[in-house]
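Residue-level listing of the chains:
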Amino acid sequence: MVQITVAKTAGFCFGVDRAVKLVYAELEKGGRVATLGPIIHNADVVNDMIAKGARIVSSVEELEPGERVVIRSHGVGRKIYEQIAEKGNPLIDATCPFVARIHKIVAEQSAKGYFILIAGDASHPEVQGIVGHCDENCAVFKDETELKCYIDKNSPKFKKKLAIVAQTTYNILLWGDCLKQLPKDDPDILVFDTICNATASRQSDAARLSADTDVMVVVGGRNSSNTVKLYDVCRRNCKAYHIENAGELFALDFSGAERIGITAGASTPAYIIKEVQTTMTDIAKNNLDEDIDFEAALEQSFKKIHTGERVKGYVVSVNNNEAIVDVGTKHTGYVPLDELTDDPSKKPADLVQPGDELDLIVTKINDPEGYVLLSKRRVDELVGFENIAKAKEEGTILKGIVQNAVKGGLIVSCDGVRVFVPASQSGLSRDADLSVLKNKPVELKIIEVNEQRRRAVGSIKAVAKAQKDAARAKFWETAEVGQVFTGEVKSLTSYGAFVDLGGIDGMVHISELSWKRIKHPSEVVKVGDMLEVYIKALDPEANRISLGYKKKEDNPWEQFLAKYHVGDVVDATVVSITQFGAFAQIMDGVDGLIHISQIANQRVDNVKDILSVGQQVQVKIVEIDPEKKRISISMRALLEDADAAKADEADEVAYSSEDAE
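Calculation notes
- Residues numbered from 1 in each chain as written.
- Predicted model: local features only at pLDDT ≥ 70, side-chain atom pairs only at ≥ 80, totals over all residues.
- Heavy atoms only, no water.
- Helix = DSSP H or I, 4+ residues; strand = E, 2+ residues; numbered from the N terminus.
- Buried < 20%, exposed > 50% of the residue type's maximum accessible area, 1.4 Å probe, protein only.
- Contact = heavy atoms within 4.5 Å.
- Areas by Shrake-Rupley, 256 points an atom, 1.4 Å probe, with all protein chains shown as cover.
- Lys, Arg positive; Asp, Glu negative; His and termini not counted.
- Charge placed at Lys NZ, Arg CZ, Asp CG, Glu CD.
- Pairing = 2+ DSSP bridges.
- Axes fitted to C-alpha atoms, helices over the stretch in contact; angles between N-to-C directions.
- Polar contact = N/O pair within 3.5 Å; in protein donor to acceptor, adjacent residues only side chain to side chain.
- 1 Å grid on protein atoms, 1.4 Å probe; cavity = no way out; pocket = protein on both sides within 12 Å on 5 of 7 lines; lining within 4 Å.
- Points joined across faces, edges and corners; volume = space filled by probe spheres on them.
- Nonpolar A, V, L, I, M, F, W, Y, C, P; charged D, E, K, R; others polar.
- Core = buried A, V, L, I, M, F, W, Y, C linked by side-chain atoms within 4.5 Å.
- Salt bridge = Lys/Arg side-chain N within 4 Å of Asp/Glu carboxyl O.

(A) Inspection of the overall build of the protein chain at higher detail. Each helix and strand counted, the protein chain has 16 helices and 32 strands in total. Its C-alpha atoms give the protein chain principal-axis dimensions of about 155 × 85 × 50 Å. Across the 661 residues that make up the protein chain, the buried fraction comes to 42%. In the protein chain, once contacts between residues fewer than 6 apart in sequence are set aside, the share between residues at least 24 apart is 64%. Summed over all atoms, the accessible surface of the protein chain reaches about 35200 Å², with 48% contributed by carbon and sulfur. Counting 81 positive and 100 negative side-chain charges, the protein chain places the averaged centre of each group 4 Å from the other.

Here you go:
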C-alpha cells in the first residue's frame, strides 16, 4: 500500500500569510488597491485578488492618484519608500518582519563602514530590496564558489570590514557550505543568521522526509524562490517533482513508489496542498499500471454544484486558517476563517469541530483542480438579517463586535450581519478617533433596515442615551439631600468638578472642593479620580444636583477651635500686608489679623516698615469670633506683657532693697 506523507511545515509562512491578509483586508474596505508586484508567487491567489479589484503594478510611476499601494512581503529598497512618499499614495507595508530585520542589519552595518555580502539570487525581489538598504556598499553571491572567488580576489587588498547576510529563503545546505569558505575567527567578518526560521524548518523537514521516501512532490509557483530551493533540497535525496497544482500529477511517473512525500513553498495556500494530497491519494488507490484516464474518471465522479448554491457540509478537519468539509461531491471543500466568522479573535477550532454539520453557500468552484470554496458566514447573515429586521421593529438592543473604523463611521458585526454605525451615532465625541472601538464589544439599536440591499444602520449612542435616561429616572425617584455616593470625576470647569453618580452627573462647586482658597478645581482633583460626595441640594426641574465634598472634620476652623484659645501665644507666618495691618497664617487654612495698632507698642505709619510677607512672628491670640471666622492676634500684646514682666521684676528688686535697710 502506498504511503503518502505531507511535511509538517508545508505551505504559507507567517510573512506571506500576513501579506495576503493585509491585501484582502484593504480590498474589503473598498476603494482602489494596487500591489507593487504580485503579492506572492501563486497564480490562484493573485488571480483571486485581481478578480476582487486589486491591481498589480511594476513601478511606483504606474500608481494612480489616491490608490493604496501594498508593498509585498519581499520588501523594497529605501528609494522605493521615498518615491511612494513623494507621489503621495497611501502605503500599506506588508514586508515580512524577517526581511525587515535584514534591512535594519545592512543599513546599520553599512553606516558603520562594513561592506555587505548577500547570499541569494541577485534577480530576486527580496535581494533587490536588501541591496536597496546598503547604500550601494554591497555585493551578491549565489553559492560558495562565488563567495570563495570574491574572498580570494579581494582579501589581499580589501580594507573594509565584511558583514554577511542571507536571503530569508536561502538554501540552508548551501549556506553551510558558504560559511566553510570564510576565514575562521576573523574579527573583521560579521555573519548574521538571517534565513527565516520557517524557511529553515521547511527545508529541514523536506530534507528529512525526502531521505525516507521514494518520490517527493514539491508544490509551489514556478517563480517561487523558496519552492525552487525546496525542490533542490529534496532531489538530493530522491526523485522529486516541482508542480504548481494537482492537475499536473496525472502526467508524472509514480511507478514503483511506495512512499511519497509532499511539501510546499511559502506561497502555496493550504487548499492547494490538500488538493494535491487528495488527488495523490486517489491516484494511489488505483493501479498506476492500468491504462486509466484519471482526469476523465475524476470529472465523471463530480456531482454538479453551482456558485451561490446552499449546501450541507460535514467538517472533516480544522486548521488555523480554515475548515475542510465534505459536501458530497468529489470536490474538497474549504471554508476560510473569514467565511466562518467576522470575529477576529476566533480561530476555526473555536467555532467548528470534525463531524459538525454546517449550512454553507458555494462562493467559488474550481472543477479542474477539484476544490470548492464555501461560506458559513453568508448563511449566518441570511438568518441574522431576519433577526436584525425583527430587532428594528421591536426596538431590541443587540450586541456586536466592532470590526473596523471606516470613512464616516463603524462596521459592527451583529448576528453575522455587518451593521453600519455612523460616526454621529458612535457615542464618541465629534473629533474622536473611531478606531479606539475596533474589536470592542458594543450594544446598539437598529435604526434603519434596507431589506432589498440587505443593509442595516445602527446606533450605539441610542443605547447609551436610553441607559442614561433610565439611570436618571431611577436616580430622581430615590434621590435625597444627604445621600452619599462614590463617583468618577468626568470633567472640570473653572467653577467646579462634574462627578458621575451612575448615569447622571452632579457638580461639586469649587468652594466645596477644599477648605482652602483654590483658583481651579485641578489643584484638588483630576479627571478619573474617584470621590466620595454627598448631595447638598436638588433641583429636579433644572435637572441639577449640587454635591458636597468637604468634610466637617477636615474643616481647619474646627481644628483650630479644638486646639487654640484666647490668650495662647503662637508662631505665625505673614501671608499678606494691607494698609490697616497684616494677615498671618496660624495653621493651614486659618489666618489671623494683626491690626496696625497691634504690631508695636509705638505708632506705626507703614506696616511694611516692620513686617514683610513670609516673615515668621510670634503673636498672642486676643480675640476669636467663630461665627464670622475671624481671629485677632497681637504682637504688641506680647511686648506689653514683656514690659509688665520687667516692671514687676524691678518692683521686686526695689522691695527687697527696702527690706534690707
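(B) Molecular detail of the sheet that holds strand β8 (residues 162-166). Spatially, four strands are ordered β7-β6-β8-β9 in an open sheet, and the strand pairing comes out parallel. If you trace the sheet from one side to the other, it starts and ends with β7 (138-141) and β9 (189-191), each paired once. For this sheet, the mean angle separating the axes of adjacent strands, direction not counted, is 20°. In this sheet, β7 lies alongside strand β6 (residues 115-119) in parallel orientation, the contact comprising four bridges. Bridge pairing in β7 links Ile118 to Val140.

(C) Region of interest: the pairing of strand β21 (residues 441-450). Sheet topology note: the strand β18 (residues 397-406)/β21 ladder contains five bridges and is antiparallel. For Ile397, the partnering residue across the bridge sits in β21 and is Lys445. As paired strands, β21 and strand β22 (residues 455-459) are joined by five bridges and run antiparallel to one another. Paired with Lys445 across the bridge in β22 is Ser459. The hairpin turn running from β21 into β22, its antiparallel successor, is four residues long, and Arg454 in that turn takes a positive phi close to 50°.

(D) Quick look at the side chain of Thr213. The topology assignment puts Thr213 in the loop between α8 (197-210) and β10 (215-219). We classify Thr213 as buried; its relative accessible area is 9%. At 3.1 Å, the side chain of Thr213 forms a polar contact with the backbone oxygen of Leu209. Reaching out from Thr213, the side chain makes a polar contact with the backbone oxygen of Ser210 at a distance of 3.5 Å. Beyond its immediate chain neighbours, meaning those up to four positions away, Thr213 contacts Cys238, Arg259, Ile260 and Gly261.

(E) Structural detail: the environment of Lys468. Note that Lys468 resides in helix α14 (residues 460-478). Of the residues examined, Lys468 reaches a relative accessible area of 39% and is grouped as partly exposed.

(F) Layout of the layout of surface pockets. As a volume, the second largest pocket reaches approximately 670 Å³. As for the second largest pocket, its lining consists of 23 residues, and the residues nearest its centre are Arg517, Trp557, Gly589, Val590 and Asp591. When residues of the lining of the second largest pocket are traced back to their parent elements, those giving at least two are α15 (556-563), β29 (581-587), β30 (590-595) and β32 (630-634). Of all the elements, β30 adds the most residues to the lining of the second largest pocket, at five residues. Here the residues of the lining of the second largest pocket are counted per class, giving 10 nonpolar, seven polar and six charged.

(G) How the structure looks around the nonpolar core. Ranked by size, the top nonpolar core spans 32 residues in total, and within it Val217, Val219, Leu249, Phe254, Val276 and Met280 carry the most contacts. At the level of elements, α8, β10, α9 (225-235), β11 (239-243), β12 (259-264), α10 (270-285) and β17 (371-375) are the ones that each hand at least two residues to this core. Filtering out sequence-adjacent residues up to four positions away, Leu249 remains in contact with Val217, Ile243, Phe254, Val276, Thr279, Met280 and Ile283. Val574, Ile586, Ala600 and Ile624 belong to the second-largest nonpolar core, a separate cluster that totals 25 residues.

(H) Inspection of the pairing of strand β19 (residues 409-414) at higher detail. The element β19 is largely enclosed, with a buried count of six among its six residues. When β18 meets β19, the two strands line up antiparallel, connected through five bridges. Across the sheet, Ala405 pairs through a bridge with Leu410, a residue of β19. Hairpin geometry of β18 and β19 is characterised by an intervening segment of two residues between the two adjacent antiparallel strands and by a positive phi of about 90° at Gly408. Both β19 and strand β20 (residues 417-422) contribute to a ladder of six bridges, which runs antiparallel. Directly across from Leu410, in β20, lies its bridge partner Val421. Counted between consecutive antiparallel strands, the loop separating β19 from β20 contains two residues, among which Asp415 sits at a positive phi close to 55°.

(I) Focus on the pattern of salt bridges. Tallied over the full model, the rule gives 20 salt bridges. For Arg259, the salt bridge identified is with Asp214, shortest N-O distance 3.5 Å. Here Arg259 is found in strand β12, whereas its partner Asp214 is found in the loop between α8 and β10, with 45 residues between them in sequence. Relative accessible area serves as the criterion here: at 34%, Arg259 is assigned to the partly exposed category. Glu248 is the salt-bridge partner of Arg222, the closest N and O atoms lying 2.6 Å from each other. Of the two residues, Arg222 sits in the loop between β10 and α9 while Glu248 sits in the loop between β11 and β12, which places them 26 residues apart along the sequence. Residue Arg222 is classed as partly exposed on the basis of its relative accessible area, which comes to 41%. The class of Glu248 is partly exposed, set by a relative accessible area of 22%. Taken together, the salt bridges that share partners define one network made up of Glu26, Lys29 and Arg68.

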